[in-house]
Every structure is written in structure tokens, then in C-alpha cells.
Amino acid sequence: MMKFCQSMKVLAPYNSMLAYIQRPGAKYLLNEGKWEKLFGRGIKPDTRPILVLIPFGPLEYLFDVADTYALPDCNFDDEEIEKVIEECSAPFDANGNIDNSQYQLLLKNLSPYGIAYNPSMVAGRDYCAKIMRLDENQEMLDIKIGNRNLKYPANFLLSVNSKANDTERFASIIHELGHFFCHHIGAPSTPKEWWQYRPLDHGAREFEAESISWLICNRLGISSPSEKYLNGYLDKNDEIPSGISVDMIFKASNDIWKMLMEPVPLAKGYLHKFDKTFVSAIKDMREKPVQQSLFPNL
């Protein structure tokens, strides 16, 4: 299933999982309109669609290439369509290099989730990153709201080894965000009542986080140690760790994938969704009039 979802980059990770459950042998999925517009192919009669979720509606109906046929004006024969699908399903040709725009977008999207970022952690080469819960006012977020900036205490701190290269940092950040979105992080001395901690053992936590890192990095053509870890675990054990949630792995992967693809609106992050104090701080800022300078041209 993980390999299927790694190659099905036309879909977000969670929808890839839903598609695998319904049609594990699918090769490439599009809706009826895109099959016709992009490839000049129609949908065979009585074909059963694959259902996935969409942001602004309940469901979308997708069809595999095997469910299609060439329309009269189609420019692709069966051999050509197979070649196109193979190219679309292959990992991006990144050779381990990080797309800097995606990297910066990922870091920018930490704030809506209440995560402060420290790129200057001093540690050995074998310790690349960590994420932890914070007590009040240990780290401050600088959040832009309209033409103003709101300083607000961070709930989490993501620290990255200053000695690591960009590829190591990126893979480690994805791993630590896997811990975050799977709720592996325990509470500090002053816990937030909205944070639901999942008390898994170390093996289960690492298996979930490594699965997420493998899925995201491989979709981008970036090598990471996650595959070695997962293979090593399965070489020594007959089963995956008890207590892991496949659903949680793909939901977390979906959230991280969105952080790489587009800006996360403030209202979609954990701060705005769950932290009532943060929502009140935004409301107070918006109601407070902007002070005009007596010397606007200086």
C-alpha cells in the first residue's frame, strides 16, 4: 500500500490510500473530464468509479486507465498512454536535492500549527532534529495578520541540527512533523487541554514517523534513511508494531503534503482551530485601531 501511494502522485496521500483500498491494481486515476481533456479517452460503460474526498464537496469519482478507451480524436495509442503513466508515476528526478521554494513554504507553514523553528541546534551528526512541547512564553511566534504582526507563545519547538545539510534537515523535519501530526508528543508541565497525546511505545511511534517520512520523501525523489529503518524492522520482526494507525499515518502525510504544496490558511491550523486564547488575541488585534504616525513620510 505504501508503494502504491508513493507512486500515485496525482492524488494526495490520504486519497491515494482510499484509492488503494478500492482498487489496489490501479495505475493512474483521473476524473471523466480530465481523461477526455488531457488524453482524449472516454469511460467504458458500466465502469465502477473510485471514490475520493475533495476539499469543497463530499466526493469525486475517479477512473483508472484500464476503465478508459480511446475516443475517435485521441492522440495516444495504448503503448503511448502506458509510457506517459509510467513517467507520471515515477519519483520526481530530484537526485536528493530539495526544492528550496517547497522547503521555505514548509517552514512558513509551521506557524499556523503553533510550531516555532530553531535551525541552530548543537548536536552530534547522528541527531538531526527533534520536536517538543513547550511551556508558556519559551518561544514566540511572529504571525502576520493583515498588515500587522502578532507575537504569540509557541506551543511546540522544532529544532534542527546546525551541522546537517539541507537534505538531512528536510527528511528529519518531515519525520518530526510525522510525530507531531500523529500526536506522539507528550505534554509539558502545563498541558494544553486540546492536545490529545497518543501513548504508543517507542517502536510504534518511530514506525509511524518513518513511514510518513518515507512516503513524502520518495514522492519527491529524495532519499532518506526511512526505507532502511522500515526494512530493518521488518527483517527482525514478523509483524509491524502493535498500536500503529494506518489511518493516522495517511492523515498526517496528507497534512504535511499540503504544507509543501500551498500556504496553510491561519484558520486551518491547530492554533485557530483549538486554541481559544489565540482566537481571542486575533479578535482583539483586529478590533484595536491602527495607530497613525504623526510623521508618515519619515
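One can find the structure itself at the top, above this paragraph.
Residues numbered from 1 in each chain as written. Predicted model: local features only at pLDDT ≥ 70, side-chain atom pairs only at ≥ 80, totals over all residues. Heavy atoms only, no water.

Engineer: What's the story with the packing of helix H6 (residues 166–181) against helix H7 (residues 202–219) in this structure? I'm lost.
Structural biologist: Two packed helices can be described by the angle between their axes and the distance between those axes. Running from N to C, H6 and H7 point in directions that differ by 130°, and their axes come no closer than 8 Å. In terms of their interaxial angle, H6 and H7 are classed as oblique. Regarding H6 and H7, the two cross each other, and that crossing is right-handed. Contact residues: H6 offers Phe-170, Ala-171, Ile-174, His-175, Gly-178 and His-179, while H7 offers Arg-205, Glu-206, Ala-209, Glu-210, Ile-212, Ser-213, Ile-216 and Cys-217. (Axes fitted to C-alpha atoms, helices over the stretch in contact; angles between N-to-C directions. Helix = DSSP H or I, 4+ residues; strand = E, 2+ residues; numbered from the N terminus. Parallel < 35°, antiparallel > 145°, perpendicular 65-115°, else oblique. Left-handed = near helix turned anticlockwise from the far one by under 90°. Contact = heavy atoms within 4.5 Å.)

Engineer: How should I be thinking about the packing of aromatic side chains in this particular structure?
Structural biologist: For any pair of aromatic rings, the description consists of the separation of the ring centres together with the inter-plane angle of the planes. This structure, assessed with the given rule, holds 13 aromatic pairs. Both rings, one in Tyr-113 and one in Tyr-270, keep their centres 5.2 Å apart while their planes meet at 75°; by these two values the pair is edge-to-face. Pair noted here: Tyr-113 is in the loop between helix H5 (100–108) and strand S6 (115–121) and Tyr-270 is in helix H10 (residues 270–274), with a separation of 157 residues, a long-range link. For the pair shown, Tyr-113 and Tyr-270 are each scored as buried. Arranged with centres 4.9 Å apart and planes meeting at 85°, the rings of Phe-156 and Phe-180 form a pair that is edge-to-face. With Phe-156 in strand S10 (residues 156–161) and Phe-180 in helix H6, the pair connects residues that are 24 residues apart, well separated along the chain. The class of Phe-180 is buried, set by a relative accessible area of 0%. (Phe/Tyr/Trp six-rings, centres within 6.5 Å; stacked < 30°, edge-to-face > 60°. Buried < 20%, exposed > 50% of the residue type's maximum accessible area, 1.4 Å probe, protein only.)

Engineer: Sorry if this is basic, but what is going on with the sheet that holds strand S7 (residues 129–133) here?
Structural biologist: Working definition: the strands of a sheet are paired by backbone hydrogen bonds and lie parallel or antiparallel to each other. The three strands lie next to each other as S6-S10-S7, forming an open sheet whose pairing is mixed. With partners counted over all chains shown, the strands left at the sheet margins are S6 and S7, one partner each. Averaged over all pairs of adjacent strands, the angle between their axes in this sheet comes to 20°, without regard to strand direction. Bridge analysis of S7 against S10 gives five bridges, and the strand direction is antiparallel. Looking across to S10, one finds that Arg-133 is bridged to Phe-156. (Pairing = 2+ DSSP bridges.)

Engineer: What is the right way to read unusual backbone geometry from this model?
Structural biologist: Most peptide bonds take the trans form, and the phi angle of most residues other than glycine is negative. Non-glycine residue Asp-46 carries a positive phi angle of around 60°. Following the sequence through the fold, Asp-46 ends up in the loop between strand S2 (41–43) and strand S3 (50–54). Assessed through its relative accessible area of 84%, Asp-46 is described here as exposed. One non-glycine residue, His-183, adopts positive backbone phi at about 60°. In this structure, His-183 sits in the loop between H6 and H7. Assessed through its relative accessible area of 13%, His-183 is described here as buried.

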